Amino acid sequence: MRTSVMEAIKALGINPDTLVAVRLTQYDAVLGKILETFTTLGQRGKNNSWLWEHFRGQKAVYSTKGRNNLDALESLIADNKRVWFLAEDWEGNKKRGNYWLFEGSPDSIVSVIRELHHLEYYIAAKDFSWLICENHHNNLIGVGELMCNRIDGLQQGKK
């Protein structure tokens, strides 16, 4: 998956500084904080798939039943300068854990996601105040008060 992300960055002509793999020296701390903050699994979640089944606290779900979720995602996270991006290792290439972790700008992340298929991903605020993911059911699931409020606002606009 890491290779796929890097190939998409190159193919799209994205400045590589706008989406970078998190260093191994930071990986455990950042992933651990995300898992502790947003899931009931805590550190055990490093090897789990489908973290969205184990979210803790307030949640909100948004779905357009298609790839248009990326337009919604873009609007939900656009006001952030940098965020954490977790890509599930569905290719099975990762030696430790089940997630590749990146740091980047929302627009670069959304552009890369548009290029990749069958990807479950998670995006979290740098201050760990919210998280959003898209699962294989094409649902955007938000956790944290701010993201839940934003998704609720989208839902009301959709009706």
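(A) Just the pairing of strand S4 (residues 99-104), in detail. Taken across its 6 residues, S4 has 6 buried, putting it largely inside the fold. Here S4 shows two buried faces, one formed by Tyr99, Leu101 and Glu103 and the other by Trp100, Phe102 and Gly104. Pairing between strand S1 (residues 19-21) and S4: 3 bridges, direction antiparallel. Bridge assignment links Ala21 to a residue of S4, and that residue is Phe102. Direction of pairing for strand S3 (residues 83-88) relative to S4: antiparallel, over a ladder of 6 bridges. Paired with Ala87 across the bridge in S4 is Trp100.

(B) Inspection of the nonpolar core at higher detail. Grouped together as the largest cluster of nonpolar side chains are 32 residues, with contacts concentrated most on Leu73, Ile77, Phe85, Ile113, Tyr121, Ile123 and Ile132. Among the elements of the structure, helix H1 (2-12), strand S2 (59-62), helix H3 (69-77), S3, S4, helix H4 (106-115), strand S5 (121-125) and helix H5 (145-158) are those that each provide at least two residues to this core. Looking at which element gives the most residues to this core, the answer is H3, with 5 residues. Setting aside residues up to four positions removed in sequence, Ile123 forms contacts with Leu73, Ile77, Val83, Trp84, Phe85, Ile109, Ile113, Trp130, Leu131 and Ile132. Of all hydrophobic cores here, the second largest spans 22 residues; its members include Val22, Leu35, Cys133 and Ile141.

Reading guide: rules and limits
Residues numbered from 1 in each chain as written. Predicted model: local features only at pLDDT ≥ 70, side-chain atom pairs only at ≥ 80, totals over all residues. Heavy atoms only, no water. Buried < 20%, exposed > 50% of the residue type's maximum accessible area, 1.4 Å probe, protein only. Helix = DSSP H or I, 4+ residues; strand = E, 2+ residues; numbered from the N terminus. Pairing = 2+ DSSP bridges. Core = buried A, V, L, I, M, F, W, Y, C linked by side-chain atoms within 4.5 Å. Contact = heavy atoms within 4.5 Å.

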